[in-house]
Amino acid sequence: MIGSLPSRYRISIDPVRCMECGRCIENCSYGVFSRDGDRIQVNSRNCTACHRCIACCPRDAIGIEEHPCDYRSHPLWTREARESIYNQARTGKIILAGMGNALDYPVIFDRLVLDACQVTNPSLDPLREPIELVTHLGKRPARLDLLRREGGDVELKTRLTPNLRIETPVMIGHMSYGAISLNAQVAMARAAKETGTYMGTGEGGLHAALHPYQDRMIVQVASGRFGVNIDYLERGAAVEIKIGQGAKPGIGGHLPGEKVCAEISRTRMIPEGSDAISPAPHHDIYSIEDLAQLVRGLKEATEWKKPVFVKIAAVHNVAAIAAGIARSPADAVVIDGFRGGTGAAPTVFRDHVGIPIEAAVASVDKKLRDQGIRNEISVIASGGIRGSADVAKAIALGADAVYIGTAALAAMGCRVCGNCYRGLCPWGIATQRPDLVARLNPNEASEQVANLIRAWTLELAELLGAAGINSIESLRGNRDRLRGYMLDESLMEVLDVRGVGA
Amino acid sequence: MAKQVKIDAKGVHYTPLNQQIRKAIEDGADEIVVDNVLGQRFIGNGLRGNATIRVKGVAGGDLAMFMSGPTVIVDGNAEHAPGNTMDSGKVVIHGSAGDAVAHSMRGGKVFVRGDIGYRGGIHMKQYETQRPILVVGGSAQMFLGEYMAGGLLLVLGLDGAVKAREIGSGIHGGEIVIRGDVDDACLAAGAKKLPLTDEDRARIAPVIREFAADFGLDAEPLVKANYTRIVPASARPFAGKYTWE
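Residues numbered from 1 in each chain as written. Chains lettered and ligands numbered in written order. Predicted model: local features only at pLDDT ≥ 70, side-chain atom pairs only at ≥ 80, totals over all residues. Heavy atoms only, no water.

Q: Which parts of the structure should I look at to understand the UniProt feature "binding site: [4Fe-4S] cluster 1" (unreviewed entry) in chain A?
A: Residue and element names in this part refer to chain A. Following the UniProt record, the feature "binding site: [4Fe-4S] cluster 1" (unreviewed entry) maps to Cys18, Cys21, Cys24 and Cys57 here. These annotated residues cover 40 residues of sequence, and their C-alpha atoms lie no more than 10.5 Å from one another, placing them together at a single site. Among the structural elements, Cys24 can be located in helix 1 (residues 23–27). Mapped onto the elements of the fold, Cys57 is located in the loop between helix 2 (52–56) and strand 4 (62–66). On the accessibility criterion, Cys57 (17% relative accessible area) is buried. (UniProt positions renumbered as here; feature names shortened; annotations may be inferred. Helix = DSSP H or I, 4+ residues; strand = E, 2+ residues; numbered from the N terminus. Buried < 20%, exposed > 50% of the residue type's maximum accessible area, 1.4 Å probe, protein only.)

Okay, here's the thing in structure tokens:
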């Protein structure tokens, strides 16, 4: 027998502060609170630490404590290790969980520091001097052929490929309708449009409610091809082929039938209530040549008017794969690091497969430069970008732009509780239950997401100005403005940075 | 009167070739005859409307990919994945076709007179009135109907035994119908055999007749023949694998 495990959280209600208003009961979709006469009863075992009750309590009466009951401490046999064993001893199954990598790996971003000017070259004040943050994503010609006409005019002979212009290097990554609610998608799409950036659809099709923002949407083509038809491809500003995802490299995805409601069935174009199974590979891509063929197929279908991105998970040989992608007509490669989020992934993949985005971006950038093809493709970094400092560091390591996911959800209220897969998200984000979805006001949430992007953009301008750089382009791949702090020599070699003080 | 346009594909790259086909459709062509096709890819890719495109020669990969409406008739073989992610319309191939035929097809028909390669009909799916149909006159190779989520996949085996093995691995919707008996050992995990009922036969008969008419075959012996029907053992092939944290 295994018996009960210690409760993960303990809720306490301060009886002096509580006025029994019942907002916690209404707001908790996990059933922690109930009314017992004139008091509020608590079942701590149901708690996920989503903090909805705390956010809604008018009297600050609720407290949540994590791990109120300890196991015997042990550095190897952690609580998580032991509880996974108890779970699998009971079920014999693969453990699934939500959000990103939950193991305590060192965060490389936090061991890199940025540079600023002092005395010898003056820093720039963004209030006074323009700092260019516009980025163009897509292929750049290696050379330009010009024709000089009579009268001194010059004609460009080189045919340019369409690029995406982003006003800020922060984009919103692919989170499908199904994984998140339509209100959450609409809010983020509106924010992307307002801030001059783009947002991904994920592999869930494009709901009609998003059509007003379609010129700011990157439509995804993944292995299940859900929601993909010529209309969908033509609506998007760009098309992204999803090969892999940082949270679960090498495996596909399953949206269980119970989440395929009428509206989701319509956008994914599958019957209501049926499982949406995305196979692990694309079954028309078994080689790098096949990938190039799908890139061409998508471009041919959209008459070569749309940029095509390819998203891969950061894995050991990510640099060689990216170099292969750069030699196809693809316009950008998205590298999703091992901290990337997800609605649901096997914990063994989420926590153990893939490599950090910092190392992946640096090695991709280096490989592309070594091969003289960095201009052939833009590099988008994603997976665990928490703030403008991470954006600046990712760009200095060689990215053109970043995708954010969890950060955008947090801007709408998400507390990173990691229970997305349960479909009960009390914030109205990772749920399809109409009463919960209605809690997320798209107007308010879009303003919050737009605020976040604006704030990071302001901070980026300040960071650039302080470093005496007046254009984001001059930060890209600029390792001289980074130093490693407490990083080992082999990793600094991969990142191509020197240590602090050097 | 039907408007016919002729295009000579000799030595033409697929992009300008597809531009010519697109232009012909925009100009109101009902029938476009493309001569001297030699492996040009993506013919009919993303096209709408109801024109007929006759491909004389060997069509390259991803024929009729994302196509929505037109009919493509190939007097020859077709390479990798004809009908890939096709939405509606019809593809008729008088020769054989490569791997991943009708990959992720959501609607329309793909008829292949000869054989097809590996992973035929993989991840075909259906939605509302859209129900894709793949009919193979000859044989199919391994992983036929893998991950199939909807539609009808019919293999007639007109030129000898059907060689498909690992049939229907991960199938969770739709049906695979193969003329003759299929050994249990040829079925993959997740697929099961059922006898073809009279209702099933009535349902597939019009498809067989249409196929026979397209290729000048005698339909009735095929309609009356013995068939094996392969369907999902469960609509949730992965449901039992996972537990939550």
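Q: Explain the pairing of strand 2 (residues 31–38) of chain B here, please?
A: Regular strands show a simple pattern: their side chains alternate between the two faces of the sheet. All names here are of chain B. Here strand 1 (residues 4–8) pairs with strand 2 via five bridges, running parallel. Across the sheet, the residue bridging to Gln4 is Glu31, located in strand 2. Crossover connection from strand 1 via helix 1 (residues 14–26) to parallel strand 2: handedness right-handed. Here strand 2 pairs with strand 3 (residues 52–58) via six bridges, running parallel. Bridge pairing in strand 3 places Leu38 opposite Val58. (Pairing = 2+ DSSP bridges. Right-handed = clockwise from strand over helix to strand, strands pointing away.)

Q: For this particular structure, what's the right way to read a nonpolar patch on the surface?
A: Taken together, the side chains of Leu144, Leu146, Val154, Leu156 and Leu160 of chain A define a hydrophobic patch exposed on the protein surface, amounting to about 460 Å² of accessible area. Structurally, Leu144 of chain A is set in the loop between strand 7 (135–137) and strand 8 (146–148). (Patch = residues over 30% accessible without salt bridge, like charges linked within 9 Å, V, L, I, M, F, W, Y side chains within 5 Å. Areas by Shrake-Rupley, 256 points an atom, 1.4 Å probe, with all protein chains shown as cover. Salt bridge = Lys/Arg side-chain N within 4 Å of Asp/Glu carboxyl O.)

Q: Whenever I open this one, the environment of Thr302 of chain A confuses me. Can you help?
A: Residues and elements named next belong to chain A. Its location among the elements puts Thr302 in the loop between helix 7 (288–301) and strand 17 (308–313). A relative accessible area of 4% means that Thr302 is categorised as buried. Put simply, Thr302 and Val239 are 63 residues apart on the chain and 9.6 Å apart in space, counted from C-alpha to C-alpha.

Q: Quick question: what am I supposed to make of the interface of chain B and chain A here?
A: The parts lose accessible area when they come together, and the size of an interface is often stated as this lost area. Contacts between the two partners involve 41 residues from chain B and, on the opposite side, 49 residues from chain A. Where chain B abuts chain A, roughly 4000 Å² becomes buried across the two surfaces, and 55% of that area is made up of carbon and sulfur atoms. Summed over the three residues of chain B that lose the most area to chain A, namely Tyr127, Trp244 and Glu245 of chain B, the buried surface amounts to 17% of that side. Here chain B and chain A share 25 residue pairs in polar contact (both at pLDDT 80 or more) between them. When residues of the side of chain B that touches chain A are traced back to their parent elements, those giving at least two are helix 1 and strand 12 (242–244) of chain B. Considering every element that reaches the side of chain B that touches chain A, the biggest residue donor is helix 1 of chain B, with four residues. A class-by-class count of the residues in the side of chain B that touches chain A yields 13 nonpolar, 16 polar and twelve charged. Pairing geometry for strand 5 (residues 94–97) of chain A and strand 12 of chain B, over three bridges, is parallel. Each bridged residue has a counterpart across the sheet, and for Ile95 of chain A the counterpart in strand 12 of chain B is Thr243 of chain B. (Contact = heavy atoms within 4.5 Å. Buried area = accessible area lost by both parts, 1.4 Å probe. Polar contact = N/O pair within 3.5 Å; in protein donor to acceptor, adjacent residues only side chain to side chain. Nonpolar A, V, L, I, M, F, W, Y, C, P; charged D, E, K, R; others polar.)

Q: When you look at the pattern of salt bridges in this model, what are you seeing that I'm missing?
A: Between side chains of opposite charge, pairing is possible as soon as their charged atoms come close. Residue and element names in this part refer to chain A. By the definition in use, this model includes 49 salt bridges over all chains. Linking Asp110 and Arg386 is a salt bridge whose minimum nitrogen-to-oxygen distance equals 2.8 Å. With Asp110 in the loop between strand 5 and strand 6 (112–114) and Arg386 in the loop between strand 20 (378–382) and helix 11 (388–396), this residue pair connects regions lying 276 residues apart in the sequence. Take Arg386: its relative accessible area is 46%, and that puts it in the partly exposed class. Two residues, Lys193 and Asp215, come together in a salt bridge whose shortest N-O distance is 3.2 Å. Of this pair, Lys193 sits in helix 4 (residues 182–194) while Asp215 sits in the loop between strand 12 (199–200) and strand 13 (217–221); the two residues are 22 residues apart in sequence, bridging distant segments of the chain. By relative accessible area, Lys193 is classed as partly exposed at 36%. By sharing partners, the salt bridges in this structure join Asp365, Arg369, Arg374, Asp400, Arg476 and Arg479 into a single network.

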